[in-house]
Amino acid sequence: MARSTSNGNGHKSGHVTETPDVSHIKNLDVTHEASDVNISGIAKFVIALTIMCAVVFLLMGGLFRFLYAQETEKEPPAGPMAMTEKERLPPPPRLQAAKGFEVKLESGEVVNLEKREPEAEYRVLREQWDRRLNCQGGAEGAAAITNCMPIDVAMEKLLQGDGLKVRTPADNSGKPADVPAPTAWSSGRVSGRQSER
């Protein structure tokens, strides 16, 4: 079998391609760029493009406002049976931080906790407890609670006095008390026969 000296592209493997010398060819009309890039022309183009973008943005914004105003004028008024925003909410109790979540305090004040952190409900409740313990009114500037003693004063009086008064089966006059004392097996309940006496 004969040996092939071809490298697969039709040339013999020993063939070397040489680049011809073209230094003697001169074309005076076609040469390389002798000057730098025109910076002022590029800067003018970028500034003009930015201004045009801003103008188009403002025009599109005005167009959208105009079209929105036209649509709201065409919109018919809500019917008499249409539900209000409050009526569309689910019935209470609602999830914390959900739309329409609010807490009603003892004073009747409603605190809106919509889209607040979950600890906000505890803070409102804690403020209400502190106001009650310190005998303050519910809202700012409200009158103090009548027939109330602040917790600090009550603790001092308790320590200075005879302690807490306890109901006894018979008061000091010797008469039996209105309510009979519960027995150990009644769990504090009063039976029907005892209440008839």
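Here, every reference points to the structure presented above.
Since the structure is predicted, the reported quantities are computational estimates derived from the model, not experimental observations. (Residues numbered from 1 in each chain as written. Predicted model: local features only at pLDDT ≥ 70, side-chain atom pairs only at ≥ 80, totals over all residues. Heavy atoms only, no water.)

Asker: Help me understand the overall build of the protein chain, please; the structure alone is not making it clear to me.
Answerer: When helices and strands are counted, the protein chain shows 4 helices and 2 strands. Helices and strands in the protein chain line up, N terminus first, as α-β-β-α-α-α. Burial analysis of the protein chain (197 residues in total) assigns 7% to the buried set. Counting contacts in the protein chain only where the partners sit at least 6 residues apart, residues at least 24 apart contribute 8% of the total. For the protein chain, the exposed area adds up to about 18600 Å²; of that, 59% sits on carbon and sulfur atoms. (Helix = DSSP H or I, 4+ residues; strand = E, 2+ residues; numbered from the N terminus. Buried < 20%, exposed > 50% of the residue type's maximum accessible area, 1.4 Å probe, protein only. Contact = heavy atoms within 4.5 Å. Areas by Shrake-Rupley, 256 points an atom, 1.4 Å probe, with all protein chains shown as cover.)

Asker: Where do I start with empty space enclosed by the protein in this structure?
Answerer: Any empty space left between the atoms is revealed when a probe the size of a water molecule rolls over them. Counting across every chain of the model gives 1 cavity of 30 Å³ or more. The calculated volume of the largest cavity comes to roughly 30 Å³. Partitioning the lining of the largest cavity into residue classes produces 5 nonpolar, 1 polar and 3 charged. (1 Å grid on protein atoms, 1.4 Å probe; cavity = no way out; pocket = protein on both sides within 12 Å on 5 of 7 lines; lining within 4 Å. Points joined across faces, edges and corners; volume = space filled by probe spheres on them. Nonpolar A, V, L, I, M, F, W, Y, C, P; charged D, E, K, R; others polar.)

Asker: Looking at this model, I keep getting lost on the nonpolar core. Mind explaining?
Answerer: What tends to happen in soluble globular proteins is that the nonpolar side chains get buried as a cluster. Of all hydrophobic cores here, the largest spans 7 residues; its members are Phe-101, Val-103, Leu-105, Val-111, Leu-113, Ala-120 and Val-124. Discounting chain neighbours no more than four positions away, the residues touching Phe-101 are Arg-94, Leu-95, Gln-96, Asn-112, Leu-113, Glu-114 and Glu-121. (Core = buried A, V, L, I, M, F, W, Y, C linked by side-chain atoms within 4.5 Å.)

Asker: How do you make sense of the pattern of salt bridges when you look at a structure like this?
Answerer: Note that side chains of opposite charge can pair when their charged atoms are close. Going through the model one piece at a time under the given rule, you end up with 2 salt bridges. Its salt-bridge partner being Arg-123, residue Glu-117 comes within 2.6 Å of it at the nearest N-O pair. Relative accessible area serves as the criterion here: at 42%, Arg-123 is assigned to the partly exposed category. Asp-130 is paired through a salt bridge with Arg-126; the nearest N and O atoms lie 3.7 Å apart. Here Asp-130 pairs with Arg-126, and both are found in helix α2 (residues 119-133), just 4 residues apart, close to one helical turn. Since its relative accessible area comes to 31%, Asp-130 is described here as partly exposed. (Salt bridge = Lys/Arg side-chain N within 4 Å of Asp/Glu carboxyl O.)

Asker: It is not clear to me how the side chain of Gln-128 should be interpreted in this structure. Could you clarify?
Answerer: Looking at the secondary structure, you find Gln-128 in helix α2. Residue classification places Gln-128 among the buried positions, given a relative accessible area of 10%.

Asker: In this structure, what is going on with a nonpolar patch on the surface? I would like to understand it.
Answerer: Side chains of Val-37, Ile-39, Ile-42, Phe-45, Val-46 and Leu-49 sit close together on the surface and give an oily, nonpolar patch of about 610 Å² of accessible area. Relative to the helices and strands, Val-37 is located in the segment before α1 (39-74). (Patch = residues over 30% accessible without salt bridge, like charges linked within 9 Å, V, L, I, M, F, W, Y side chains within 5 Å.)

Asker: Sorry, what's going on with the environment of Val-153 here?
Answerer: Structurally, Val-153 can be placed in helix α3 (residues 151-160). By relative accessible area, Val-153 is classed as partly exposed at 40%. Counting along the chain gives 19 residues from Val-153 to Asn-134, while the straight-line C-alpha distance between them is 9.4 Å.

Asker: Is there a simple way to explain unusual backbone geometry in this structure?
Answerer: Phi is positive for Lys-115, close to 60 degrees, though the residue is something other than glycine. Within the secondary structure, Lys-115 is located in the loop between β2 (110-112) and α2.

Just distances and angles here, no functional claims.
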